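An overview of the molecular structure
Given next are the chains, with one letter for each unit.
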Amino acid sequence: MFQKILLAVDGSSHSDLAVDYAGKLAAAFDATLLIVHAYAQTSDLLGYDDIEKRVAARKTAGQGVIDRARQRLADSSLTITEDLLEGPEAEAILAAAAAQKVDLVVMGTKGASGLKEVFLGSVAGGVITRTKAPVLVVPEDVTFNPPKHIVFGVGSLPVENPEAVIAPLRKIVEHCKP
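In this report, the structure presented in the accompanying data block is examined.

Conventions used here
Residues numbered from 1 in each chain as written. Predicted model: local features only at pLDDT ≥ 70, side-chain atom pairs only at ≥ 80, totals over all residues. Heavy atoms only, no water. Helix = DSSP H or I, 4+ residues; strand = E, 2+ residues; numbered from the N terminus. Buried < 20%, exposed > 50% of the residue type's maximum accessible area, 1.4 Å probe, protein only. Pairing = 2+ DSSP bridges. Axes fitted to C-alpha atoms, helices over the stretch in contact; angles between N-to-C directions. Contact = heavy atoms within 4.5 Å. Core = buried A, V, L, I, M, F, W, Y, C linked by side-chain atoms within 4.5 Å. Salt bridge = Lys/Arg side-chain N within 4 Å of Asp/Glu carboxyl O. Phe/Tyr/Trp six-rings, centres within 6.5 Å; stacked < 30°, edge-to-face > 60°.

**Some details on unusual backbone geometry**
The backbone of D30 shows a phi angle near 50°, a positive value even though the residue is not glycine. Relative to the helices and strands, D30 is located in the loop between helix 1 (13-29) and strand 2 (32-39). Unusually for a residue other than glycine, K101 sits at a positive phi of about 50°. Along the chain, K101 turns up in the loop between helix 3 (89-100) and strand 4 (104-109). Since its relative accessible area comes to 68%, K101 is described here as exposed.

**Some thoughts on the sheet that holds strand 4**
Strand order in the open sheet made by the five strands is 3-2-1-4-5, with parallel pairing throughout. At either end of the open sheet lies a strand with only one pairing partner, and these are strand 3 (80-86) and strand 5 (135-139). Strand after strand, the sheet turns through a mean of 20° between neighbouring axes, direction not considered. Here five bridges tie strand 4 to strand 5, and the two strands are oriented parallel to one another. Each bridged residue has a counterpart across the sheet, and for V105 the counterpart in strand 5 is V135. Relative to the sheet, helix 2 (residues 51-72) contacts strand 2 and strand 3, its axis offset from that of strand 3 by approximately 155°.

**Focus on the nonpolar core**
Residues I5, L7, V9, L33, I35, L73 and V106 are the most contacted members of the largest nonpolar core, which totals 25 residues. Of all elements in the fold, only strand 1 (4-8), helix 1, strand 2, helix 2 and strand 4 reach the threshold of two or more residues within this core. Per-element accounting of this core gives the leading share, eight residues, to helix 1. When sequence neighbours within four positions are dropped, the list of residues in contact with L73 reads V19, G23, L33, I35, L78 and I80.

**Observations concerning the pattern of salt bridges**
A side chain with one charge can pair with a side chain of the opposite charge if their charged atoms come near. Considering all chains together, one arrives at six salt bridges under this definition. Residue D16 is joined to R68 by a salt bridge in which the shortest nitrogen-to-oxygen separation is 2.4 Å. Here R68 lies in helix 2 and D16 lies in helix 1, a separation of 52 residues in the sequence. A residue is classified by how much of its surface remains accessible, and R68, at 40% relative accessible area, is partly exposed. Across the pair R72 and D20 runs a salt bridge whose closest N-O atoms are separated by 2.8 Å. With R72 in helix 2 and D20 in helix 1, this pair connects stretches of sequence that are 52 residues apart. The class for R72 is partly exposed, based on a relative accessible area of 40%. Through salt bridges with shared partners, one network takes in D16, D20, R68 and R72.

**A few points about the packing of aromatic side chains**
Within the structure shown, the criterion is met by one aromatic pair. Measuring from centroid to centroid gives 5.1 Å for F2 and F29, while their planes differ by 90°, and the two rings are edge-to-face. Of this pair, F2 sits in the segment before strand 1 while F29 sits in helix 1; the two residues are 27 residues apart in sequence, bridging distant segments of the chain. For F29, a relative accessible area of 13% gives the class buried.

Laid out in structure tokens, this is it:
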């Protein structure tokens, strides 16, 4: 069911928890795990004399975030690929998910400001509302446990192929049965 899982990381503690979930799911489904991190666009650095140094620093920091996620998964035998992206986080994650044709997106969330962001976080909210792939959002302060409840939200638009939409959820439920 899940052949390619995109794991979006930002180096935060809630992102670390998403690494744990993504690693367990990738192992359970024998899926390839694509770790992505998006660093801030470098257009704000134009005009600096040392722009190359500043861009390199952003890339180095971003690679460090990916390396930390890889280290957290070091004891696994997963197939892991990575992509260091430039741009606004949600847009970069969406572009990578579409380009790589992922079956699932996993990301952590702490929450931010505004009603949608209070529950999802600004980046998670932006990804959930605009991707075609299912998204597993891992909140802060959790440990990995098989899911007991799955919330399946639908909008007011008709679902063209309900079985295709529900199939990933069924697979997770089947795999997590005691």
